[in-house]
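Okay, here's what each chain looks like letter by letter:
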Amino acid sequence: MSEVRIVAETRTVFGKGPARRARAAGKVPAVLYGHGDKPRHFSLPGHELMLALKHDSNVLLTLQTDDGEQLALPKVVVRHPIRRTVEHVDLIAVRKGEKVTVEVPITLVGEAEREVLVDQQLTTLSVEADASSIPSHLEVSIQGLAVGGHIEAKDVPLPAGTTLVTDAEHVVVAGLATPTAEQVDAELAEAEAELAGPAAAEAEAEEAPAEETPADEAPAATEE
């Protein structure tokens, strides 16, 4: 894992207005939780934080605060839906030697057998590791993966000192048969039929003639 030192300025005013002004100044509002302490509010330099998170979602941050240094891990990162800039981050305080549970990305390496469709069912594994030794990713080899073959969570190699939290029997990757052109055409035809069904029924209902009210059921005339 990577470790980044970053200046954390204490925030004393809160709310949407101050948060917008902080972002306009290139800073990201952050809240630090953990160890039973009250939440602490900081502003972090946006560009440095973005670079820190770009290559490692479990980056270990050394916050340089007014009270000294504090190790922290990103817990929740909120990004702008379009620009993808970091809008807010929740941090969890940690200590070296402390065990933490984190989600670590899975990277597939190697090549499956020809005509095999690789079905990756998990993109991360939940593991427990030392806060200062979290793996940046876990490699899963699919070399020679055949149709019907699969790799379970328990088969993924873990670094020393890291233990698996995800269900050991959970399938990470499976080898599926590549569908034939006939199967693809059949699935498309079935999907089109399902979509056409409601539309056809609606069109039929619109074209159906309106029912006439029988004479004996016509409302009686009222006297004025």
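What counts and what doesn't
Residues numbered from 1 in each chain as written. Predicted model: local features only at pLDDT ≥ 70, side-chain atom pairs only at ≥ 80, totals over all residues. Heavy atoms only, no water. Helix = DSSP H or I, 4+ residues; strand = E, 2+ residues; numbered from the N terminus. Contact = heavy atoms within 4.5 Å. Areas by Shrake-Rupley, 256 points an atom, 1.4 Å probe, with all protein chains shown as cover. Buried < 20%, exposed > 50% of the residue type's maximum accessible area, 1.4 Å probe, protein only. Polar contact = N/O pair within 3.5 Å; in protein donor to acceptor, adjacent residues only side chain to side chain. pLDDT = per-residue confidence, 0-100. Pairing = 2+ DSSP bridges. Lys, Arg positive; Asp, Glu negative; His and termini not counted. Salt bridge = Lys/Arg side-chain N within 4 Å of Asp/Glu carboxyl O.

A. Region of interest: the overall build of the protein. When helices and strands are counted, the protein shows three helices and 14 strands. For the protein, contacts bridging at least 24 residues in sequence account for 63% of all contacts bridging at least 6. Carbon and sulfur atoms provide 53% of the accessible area of the protein, an area that totals close to 14400 Å².

B. Spatial organisation of the side chain of Thr166. Counting through the fold element by element, Thr166 comes out in the loop between strand 13 (163–164) and strand 14 (171–177). Owing to a relative accessible area of 16%, Thr166 belongs among the buried residues under this scheme. At 2.8 Å, the side chain of Thr166 and the backbone nitrogen of Ser126 are in polar contact. Here Thr166 is in contact with Leu122, Leu125, Ser126 and Ala153, once residues within four sequence places are set aside.

C. Inspection of the confidence of the model for the protein at higher detail. On average, the protein scores 86 in pLDDT, and the residues at 70 or more come to 87%. Per-residue pLDDT, averaged within each element of the protein, yields its smallest value for helix 3 (residues 181–207) (71) and its largest for strand 12 (residues 150–152) (97). Here residues 217–224 is a poorly scored stretch, pLDDT under 50, and it has one contact once near neighbours within four places are set aside; other chains count.

D. Focus on the pairing of strand 7 (residues 86–94). Across the nine residues that make up strand 7, a large majority, seven, are buried. Where strand 3 (residues 27–33) lies against strand 7, four bridges are found, and the strand directions are parallel. If you follow Leu32 over to strand 7, its bridge partner there is Leu91. Pairing geometry for strand 6 (residues 68–79) and strand 7, over eight bridges, is antiparallel.

E. Expanded view of the side chain of Asp56. When you line up the elements, Asp56 lands in the loop between helix 2 (46–55) and strand 5 (60–65). At 11 Å, Arg79 is the nearest oppositely charged side chain to Asp56, a buried residue that forms no salt bridge. Looking at Asp56, its side chain comes within polar contact range of the main-chain nitrogen of Asn58, at 2.9 Å. Each residue touching Asp56, except ones within four places of it in the same chain, is listed here: Met1, Ser2 and Ser136.

F. Layout of the pattern of salt bridges. Taken as a whole, this structure holds six salt bridges when the rule is applied. For Lys27, the salt bridge identified is with Glu9, shortest N-O distance 2.9 Å. Here the residue Lys27 occupies a position in strand 3, and Glu9 occupies one in strand 2 (residues 9–10), the gap between them amounting to 18 residues. Lys154 is the partner of Glu169 in a salt bridge, and the nearest nitrogen-oxygen pair spans 3.4 Å. In this pair, Glu169 is assigned in the loop between strand 13 and strand 14 and Lys154 in the loop between strand 12 and strand 13, connecting sequence segments 15 residues apart. Residues joined in a network through salt bridges with shared partners are Glu152, Lys154 and Glu169.

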